[in-house]
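Letter by letter, the chains look like this.
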Amino acid sequence: MVEHPEYAQAGLDLRLGDMVRARRIELGLTQAEVAQRAQISQPALSRIEGGGGVLTLAMLDRLARAMDTTFTITVGQDAA
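What comes next is a walk through the structure. (Residues numbered from 1 in each chain as written. Predicted model: local features only at pLDDT ≥ 70, side-chain atom pairs only at ≥ 80, totals over all residues. Heavy atoms only, no water.)

Observations regarding helix 4 (residues 57–66)
Here is the rule: Only protein chains enter the accessibility calculation, which uses a 1.4 Å probe; a residue is then buried when its area is under 20% of its type maximum, exposed when over 50%, and partly exposed in between. Strands are runs of DSSP state E lasting at least two residues, helices are runs of H or I lasting at least four, and both sets are numbered from the N terminus onward. Arc, as used here, means the arc of the directions from the helix axis to the C-beta atoms.
Within the span of helix 4, buried status applies to Met-59, Leu-60, Leu-63, Ala-64 and Ala-66. Within helix 4, the buried residues cover an arc of 160° as seen down the axis, which keeps them to one side. Facing away from the buried side of helix 4 by more than 90 degrees, the exposed set consists of Leu-57, Ala-58 and Arg-65.

Encoded structure:
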């Protein structure tokens, strides 16, 4: 049985949101603090952490800089 593409995408979005939230908590920062550093709204960060919203590479870069971290992204089944 083939997984529906929308379910697969939702799973990826949730995993990314979990990574953002875990790093924020690890740093002891609030959503408001990270949002301010990344120059986004707190509700936007909340949506990202919840697996919602559309993240661009530019937004990921701003979040990474706001939390002094890097995100490594692998795309595709056979990505190296």
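Moving on, there is more to tell.
Observations regarding the nonpolar core
Applied cut-off: Think of a nonpolar core as a cluster: buried Ala, Val, Leu, Ile, Met, Phe, Trp, Tyr and Cys residues, connected wherever their side-chain atoms sit within 4.5 Å. Whether two residues are in contact is decided by their heavy atoms, any of which lying within 4.5 Å being enough.
Grouped together as the largest cluster of nonpolar side chains are twelve residues: Val-20, Leu-29, Val-34, Ala-35, Ala-38, Ile-40, Leu-45, Ile-48, Met-59, Leu-63, Ala-66 and Met-67. Every element with two or more residues in this core is listed here: helix 2 (31–38), helix 3 (42–49) and helix 4. Residues within four places of Ala-35 in sequence aside, it is in contact with Ile-40, Ser-41, Gln-42 and Leu-45.

Comments concerning the environment of Val-54
As for its position among the elements, Val-54 is in the loop between helix 3 and helix 4. Relative accessible area serves as the criterion here: at 81%, Val-54 is assigned to the exposed category. The sequence separation of Val-54 and Asp-13 amounts to 41 residues, and the corresponding C-alpha distance is 8.7 Å.

Re the side chain of Arg-23
To keep things clear, this is the line we draw: For this analysis, a polar contact is any N or O atom pair within 3.5 Å, provided that within protein one partner can donate a hydrogen and the other can accept it, and provided that sequence-adjacent residues contribute only side-chain to side-chain pairs.
Mapping Arg-23 onto the fold places it in helix 1 (residues 5–26). The class for Arg-23 is buried, based on a relative accessible area of 17%. Engagement of the side chain of Arg-23 in a polar contact is seen with the backbone oxygen of Asp-68, the distance being 3.1 Å.

Overview of unusual backbone geometry
Although it is not a glycine, Gln-39 sits at a positive phi angle of roughly 60°. With respect to the element layout, Gln-39 can be found in the loop between helix 2 and helix 3. Despite not being glycine, Asp-68 has its phi angle at roughly 50°, a positive value. Position of Asp-68 relative to the elements: it lies in the segment after helix 4. Of the residues examined, Asp-68 reaches a relative accessible area of 67% and is grouped as exposed.

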